[in-house]
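# Observations on chain architecture
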Amino acid sequence: MPVQMELSRIIISEINDQQVIYLKEVDGDRQFPIMIGIFEATSIHRRVKDFASPRPLTHDLICNIIEQMGGELDSIVICDLNQGTYFANLRIKRDGELIEIDARPSDAIAIAVTNQPNLPIYVEEHVLDESAN
C-alpha cells in the first residue's frame, strides 16, 4: 500500500548539475532524497514559492492538456527504484477509469505542485524500504 508523502525540502545548487528534493512521510518520520535536474528543481521551486509566470510553462501545459481532454489529475505514485533510478506514475481519472502514465519523479512532482489543488504524492512501501538502504 502506498505511503502518502509531502515535499519537505528543495536544495538548488548553482555549482552542481544535480539538485535534490526531499520527500517526507505525512504521518511518520521517514524521508528520502531524489536527485533531479536544475530545470525540474527550478519549476518545483517556482510553484512552491508561488512565483507567477505570464505564460504557461511545460508543467502548466501538461495539466491543461489533461483537463481539456476530459481527464482529472488524481495523484502521483513513486512506484519503483531500480539501480538508483526512481520511477513514477502520474494517475489520471477519465471516464470512470484510473489511467497511470509513466513519468520521471521530478516531472510528476512538478505536476503535483502545479495542479490546483496540489496532488497527493505517494511512495510504494518497497521503494521506501529500498531507499533506506
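So, a few notes on the structure that sits alongside this text. Quick caveat, the model's predicted, so the values are computed rather than measured.

## Topic: the sheet that holds strand β3 (residues 31-37)
Sheets are built from strands paired through backbone hydrogen bonds, the pairs being either parallel or antiparallel. Read from one edge to the other, the open sheet built from seven strands follows the order β3-β2-β1-β7-β4-β5-β6, with strand pairing classed as mixed. At either end of the open sheet lies a strand with only one pairing partner, and these are β3 and β6 (97-103). Strand-to-strand, the axes of this sheet are offset by a mean angle of 35 degrees, without reference to chain direction. The pairing of strand β4 (residues 72-82) with strand β7 (residues 121-123) spans three bridges and is parallel. Paired with Ile 76 across the two strands is Ile 121, which belongs to β7. Along the sheet, helix α1 (residues 38-48) contacts β1 (3-11), β2 (18-25) and β3; its crossing angle with β3, the most-contacted strand, is approximately 115 degrees. On the sheet, helix α3 (residues 105-114) packs against β1, β2, β3, β4, β5 (85-94), β6 and β7 and is oriented at approximately 155 degrees with respect to β4.

## What about the pairing of β3?
Only one face of β3 is buried: it carries Phe 32, Ile 34 and Ile 36, and the other face, with Gln 31, Pro 33, Met 35 and Gly 37, is open. Taken together, the seven bridges between β2 and β3 define a ladder with antiparallel strand orientation. Looking at the pairing, Tyr 22 lines up with Pro 33 of β3. In this antiparallel pair of consecutive strands, β2 and β3, the connection spans five residues.

Rules behind the numbers
Each residue is numbered by its place in its chain's sequence as written, counting from 1. Totals for whole chains, interfaces and linings use every residue, but because this is a predicted model, local features are given only for residues with pLDDT of at least 70 and side-chain atom pairs only at 80 or more, for both listing and counting. The basis for every side-chain value is the complete set of heavy atoms in the structure, and neither hydrogens nor water enter the calculation. In this description, strands pair whenever DSSP reports at least two bridges between them. Only DSSP runs of H or I with at least four residues qualify as helices, and only runs of E with at least two residues qualify as strands; both kinds are numbered from the N terminus onward. Axis definition: a line fitted to C-alpha atoms, limited for helices to the stretch in contact. Angles are taken between N-to-C directions and run from 0 to 180 degrees. We call two residues in contact whenever any of their non-hydrogen atoms come within 4.5 Å of each other. Each residue is placed in one exposure class: buried if its accessible area under a 1.4 Å probe, protein chains only, is under 20% of its type's maximum, exposed if it is over 50%, and partly exposed if it falls in between.

Read these as spatial facts, not as claims about activity.
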